[in-house]
Amino acid sequence: MNSFKLEVMTPSKRFYRGDVDMVIVTTKEGDEGFMAGHVWACKLLEVGELWILEKGAGKSDWKVAAVAGGFVEMKDSMIIYTDAVEWSEDIDMDRVLSEKARVEDWLVKNPDVDKNSEEMQSARLALAKAEIRAGVARGGKRR
Amino acid sequence: MATESIQDIKRRIKSVGSTERITNSMKLVSTGKLRKARAIFEKTNENSHYITNTIGELFNSSKEVPTEYLAGNREIKTTAYIVVTSGKGLCGGFNSNVIKEAKADIDADWEPPVIVAIGGKGKDYFEKHGYEVHSSYLAPPENISFLETRELAKPILKMYDDKEIDEVVLIYNSFISSMEQRVKNEIILPFEIASDPEMIMDTKFVEYEPSVKEVFNYLVPKYVETKIHSAVVESATCEPAARRMAMESATDNAREMLNDLNLSYNKARQSAITDEIIEIVAGSEAQAG
């Protein structure tokens, strides 16, 4: 299988760099897999999971990370920019669950906040992030 | 130096000596901080470089780019100045250089500007001199997180979209080496990216998802945030460098002063002894005579 270079960047550090066989990300239009020779693309990411199959890794040896949105740029090599990304094994489950509980609590207590308000949107985003992180910490939806 | 008594000189030696010790230890602390800040700065710089490049490529490869962020599309009346200073002093010309540059620009404008101060020194200065500071960020800049810069960038972008401001200028210290920092004055909005005719357009089809416009609307705020963030990080790297230099020269000056004082102390002591001997000799001669 042909491999290609992947870089995952955050504002403060380079999260990952290496040769990979395949990458799966959640774009705004749904999950999408990228392999070498993919058409050049610039796509926005949803809060979601990032799956990386490293070069020479076994068929099921995926590396999984939680991504807080961002965008990918696919050319001959692939770059993913995101504000925050975390390997599944680094996620602190207690923190995720307490965060999730806090947001849910807020949603219950403030049922009449306008759906399109900034507060509501950020609450929903926080909830989505917590859910994804919890899912990734458990191994992700493909496992 | 008979006018200064031995007591006075002694007191001065003591005070200059303790100042020297303080400046010297501040120098050492700054050296450590500089090393730490520099590591962060190098990583951030790389990231912002990538983002800037991507935007540039996007402009060049697509004709459907929304024009409201491009230079030359609206008259520039009100300018927002983001002035990055430090929260603490004792770092030589670090803050005053930035403030001087900003003030020159602000005074040259016809319309009242929008001032965003990052760091307490800039805010204090502009408030004291009767300028209106629109918003400020006062926590120590070396710990600023990307999320905080985003909060800072949001109102600026909104004002730009609402056409309340037509230009965003970033003024900060840029890091050249640990011995040299230079004030940088950068226009971050609107973009001054000229389409490069040399670049071969549409060599390959690029897929934009959900659409060029949306990708672009995502990238522009990201670009502004990244720019501000990297400027703050860069300025936070310059601060200990500038302080280290300032403290180094302060230590040198204190040492020079100590030398002079020691010399005059010895002179004064010697002349006191001489005086005493003269008195004794005169006394004994008077008795002998």
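Scoring rules and cut-offs
The numbering scheme is per chain: residues are counted from 1 as the chain's sequence reads. Throughout, the order in which chains and ligands are written sets their labels, letters from A for the former and numbers from 1 for the latter. Owing to the predicted nature of the model, reporting of local features is limited to residues with pLDDT of at least 70; listing and counting of side-chain atom pairs is limited to 80 or more, with chain, interface and lining totals taken over all residues. No hydrogens and no water enter the side-chain calculation; it runs on all heavy atoms of the structure. Going along the chain from the N terminus, every DSSP run of H or I of four or more residues is numbered as a helix, and every run of E of two or more is numbered as a strand. A 1.4 Å probe rolled over the protein chains alone gives each residue an accessible area, and that area as a share of the maximum for its type sets the label: buried under 20%, exposed over 50%, partly exposed in between. A contact between two residues is defined here by any heavy atoms of the two lying within 4.5 Å. The Shrake-Rupley method, run with a 1.4 Å probe, gives the accessible areas here. Residue values count only the displayed protein chains as cover. What a helix should span is 1.5 Å times the count of its residues minus one. What we call the bend at a residue is the angle made by axes fitted to the seven residues finishing there and the seven residues starting there. Buried surface area refers to the total accessible area, computed with a probe of radius 1.4 Å, that the two partners give up upon joining, counted for both partners together. One speaks of a salt bridge when a side-chain nitrogen belonging to Lys or Arg is within 4 Å of a carboxyl oxygen belonging to Asp or Glu. Only Asp, Glu, Lys and Arg are considered charged, only Ala, Val, Leu, Ile, Met, Phe, Trp, Tyr, Cys and Pro nonpolar, and every remaining residue, Gly among them, polar. DSSP bridges decide pairing: two strands pair if at least two such bridges lie between them. Taking the helix axis as origin, the arc is that swept by the directions to the C-beta atoms. Fitted lines through C-alpha atoms give the axes, limited to the stretch in contact for helices. The angle between two N-to-C directions lies from 0 to 180 degrees. Definition of a polar contact: a pair of N or O atoms within 3.5 Å, with one able to donate and the other able to accept a hydrogen when the atoms are protein atoms, and with sequence-neighbouring residues admitted only if both atoms are side-chain atoms.

Which parts of the structure should I look at to understand the overall build of chain A?
Helices and strands together make up the secondary structure of chain A, namely two helices and seven strands. The order of helices and strands in chain A, counted from the N terminus, is β-β-β-β-β-β-β-α-α. In terms of principal-axis extent, the alpha carbons of chain A reach across some 50 × 30 × 25 Å. The buried share among the 143 residues of chain A stands at 48%. Long-range pairs, those at least 24 residues apart, make up 54% of the contacts in chain A between residues at least 6 apart in sequence. Accessible surface for chain A amounts to roughly 7400 Å². Of this, 46% is attributable to carbon and sulfur atoms.

Can you walk me through helix α4 (residues 146-161) of chain B in this structure?
Spacing of three or four residues puts side chains on the same side of an α-helix, whose turn is 3.6 residues. All names here are of chain B. Over its 16 residues, α4 extends 22 Å from the first C-alpha to the last, a length consistent with the 22 Å expected when each residue adds 1.5 Å. Of all the bends in α4, the largest measures some 30° and sits at A153, one to four residues before the proline P155. Those residues of α4 that fall on the buried side of the exposure criterion are F146, T149, L152, A153, I156, L157, M159 and Y160. Buried residues along α4 sit against β1 (79-84), β2 (114-118), β3 (133-137), β4 (167-177), β5 (180-189) and α5 (212-288). Directly after α4, the chain includes K163, whose backbone phi takes a positive value near 65°.

Teacher, can you tell me more about the interface of chain B and chain A here?
One frequent convention defines the size of an interface as the accessible area lost when the parts assemble. Taken together, the contact between chain B and chain A spans 25 residues of the former and 26 residues of the latter. When chain B packs against chain A, close to 2200 Å² is buried across both sides, 57% of that on carbon and sulfur atoms. Our enumeration of links across chain B and chain A arrives at three salt bridges. A salt bridge links K43 of chain A to E207 of chain B; its shortest N-O distance comes to 2.6 Å. Of the residues that constitute the side of chain B that touches chain A, the class distribution is eleven nonpolar, four polar and ten charged. Sheet topology places strand β4 (residues 40-54) of chain A next to strand β6 (residues 206-209) of chain B; four bridges connect them, and they run parallel. Its bridge partner lying in β6 of chain B, C42 of chain A is registered against Y208 of chain B.

Hey, could you run me through helix α3 (residues 120-128) of chain B in this one?
Residue and element names in this part refer to chain B. Those residues of α3 lying buried are G120, G122, K123 and F126. Projected down its long axis, α3 carries its buried residues within an arc of 165°, all on one side. Of the surrounding secondary structure, the elements contacted by the buried residues of α3 are β1, α2 (94-108), β2 and β3. The first or second residue beyond α3 is G130, which carries a positive phi of 80°.

Quick question: what am I supposed to make of the sheet that holds β4 of chain B here?
The strands making up a sheet associate through hydrogen bonds between their backbones, and the pairing can be parallel or antiparallel. Residues and elements named next belong to chain B. The mixed open sheet is built from five strands, whose spatial order is β3-β2-β1-β4-β5. At either end of the open sheet lies a strand with only one pairing partner, and these are β3 and β5. Within the sheet, the average angular offset between the axes of one strand and its neighbour, ignoring direction, is 20°. Across the sheet, α3 is in contact with β1, β2 and β3; its angle to β3 comes to roughly 160°. Across the sheet, α4 is in contact with β1, β2, β3, β4 and β5; its angle to β2 comes to roughly 175°.

Before we go on, may I ask you to explain the side chain of T85 of chain B in this structure?
Residue and element names in this part refer to chain B. Relative to the elements of secondary structure, T85 occurs in the loop between β1 and α2. Of the residues examined, T85 reaches a relative accessible area of 0% and is grouped as buried. Among the polar contacts listed, one links the side chain of T85 to the backbone nitrogen of G122, at a separation of 3.0 Å. Discounting residues that sit within four places of it in the chain, T85 has contacts with F94, N95, V98, I99, I118, G119, G120, K121, G122, P141 and S235.

Teacher, can you tell me more about unusual backbone geometry here?
All names here are of chain B. Positive phi, close to 55°, is recorded for L90, a residue that is not glycine. Using a relative accessible area of 58% as the deciding quantity, one classes L90 as exposed. A positive phi is found at K163, a non-glycine position, where the angle reads about 65°. Here K163 lies in the loop between α4 and β4.

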